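Survey of secondary and tertiary structure
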Amino acid sequence: MVPPPDELLAVAVRPLSALTVLCAVSGEVDFSTAPHLRDRLLGQISSAGPDLAVDLSGVRFLGAAGLTVLVEVRAAALASGVGLHVVARTRPVLRPLAVTGLDFEFGVLTRVDDVPVRGHRSGVLAGRRRAPASGPVAGVPPA
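Residues numbered from 1 in each chain as written. Predicted model: local features only at pLDDT ≥ 70, side-chain atom pairs only at ≥ 80, totals over all residues. Heavy atoms only, no water.

Here we come to the overall build of the protein chain. For the protein chain, the helix and strand inventory stands at five helices and four strands. Residues classed as buried in the protein chain amount to 43% of the 143 residues present. Within the protein chain, counting contacts between residues at least 6 apart in sequence, those at least 24 apart form 68% of the total. Only carbon and sulfur atoms are counted for the fraction: they give 59% of the accessible area of the protein chain, which is about 7400 Å². (Helix = DSSP H or I, 4+ residues; strand = E, 2+ residues; numbered from the N terminus. Buried < 20%, exposed > 50% of the residue type's maximum accessible area, 1.4 Å probe, protein only. Contact = heavy atoms within 4.5 Å. Areas by Shrake-Rupley, 256 points an atom, 1.4 Å probe, with all protein chains shown as cover.)

On to the packing of aromatic side chains, then. For the coordinates displayed, the defined rule picks out zero aromatic pairs. Taking NZ or CZ as reference, R74 lies 6.0 Å from the ring centre of F106, over its face. (Phe/Tyr/Trp six-rings, centres within 6.5 Å; stacked < 30°, edge-to-face > 60°. Lys NZ or Arg CZ within 6 Å of the ring centre and 35° of its normal.)

The biggest cluster of nonpolar side chains holds 29 residues, and the ones touching the most others in it are V25, L37, L56 and L97. Secondary-structure elements contributing two or more residues to this core are strand 1 (9–17), strand 2 (20–29), helix 2 (34–42), strand 3 (51–62), helix 3 (64–80), strand 4 (84–87), helix 4 (91–100) and helix 5 (102–106). The contacts of L97, once residues within four sequence positions are left out, are L62, L67, L70, A88, L102, D103 and V108. Core analysis: the second largest hydrophobic core is formed by seven residues, L16, L22, A53 and L109 among them. (Core = buried A, V, L, I, M, F, W, Y, C linked by side-chain atoms within 4.5 Å.)

The next subject is the pairing of strand 4. The two faces of strand 4 match: L84 and V86 on one face and H85 and V87 on the other face are all buried. Looking at chain direction, strand 3 and strand 4 are connected through four bridges and run parallel. Residue pairing in the sheet places V54 in a bridge with V86 of strand 4. Handedness of the strand 3-helix 3-strand 4 crossover: right-handed. (Pairing = 2+ DSSP bridges. Right-handed = clockwise from strand over helix to strand, strands pointing away.)

Under the criterion given, the structure shown has four salt bridges. In this structure, D114 engages R111 in a salt bridge whose closest nitrogen and oxygen atoms are separated by 3.0 Å. Taking relative accessible area as the criterion, D114 reaches 15% and is therefore assigned buried. Judged by relative accessible area, which is 36%, R111 ranks as partly exposed. (Salt bridge = Lys/Arg side-chain N within 4 Å of Asp/Glu carboxyl O.)

Moving on, we come to helix 3. Given a rise of 1.5 Å per residue, 17 residues ought to cover 24 Å, and the 24 Å separating the end C-alpha atoms of helix 3 matches this to within 8%. Listing the buried residues of helix 3 in full gives G66, L67, V69, L70, V73 and A77. End-on view of helix 3: buried residues confined to an arc of 155 degrees, all on one side of the axis. Turned more than 90 degrees from where helix 3 packs its buried face, A64, L78 and A79 sit exposed. Elements in contact with the buried residues of helix 3: strand 2, helix 2, strand 3, strand 4, helix 4 and helix 5. The first or second residue beyond helix 3 is G81, which carries a positive phi of 75 degrees. (Expected span 1.5 Å × (residues − 1). Arc of directions from axis to C-beta.)

In structure tokens, the structure reads:
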């Protein structure tokens, strides 16, 4: 018997700053849980609303359905004028992103502290530094 999706995946939402919302994802992102993740992330996107940071550090498995959700959320964010930042640092997440080239598309960050905070001229807020705009994640071998 397979547990229900809400037992396999959790999404905690909190403000990272006045203009950025953080969605910390934990568990498994597969065919059965991807719709739940899609609903939670798309629910955070509003026209010219706060930027969205998706922290995948707690994800133990990222399947093709999860990658599809990230691409869909990116398209919705772009259409709404919302910045999207993806944070990942574990092999179960970094490897699928690297194999598909999505690490370049998303400019994956390795720490939540590196998420750019919109609305501050210097890019620094409470010790936060502006992160690189794009590029592969260091330490993940190319596909």
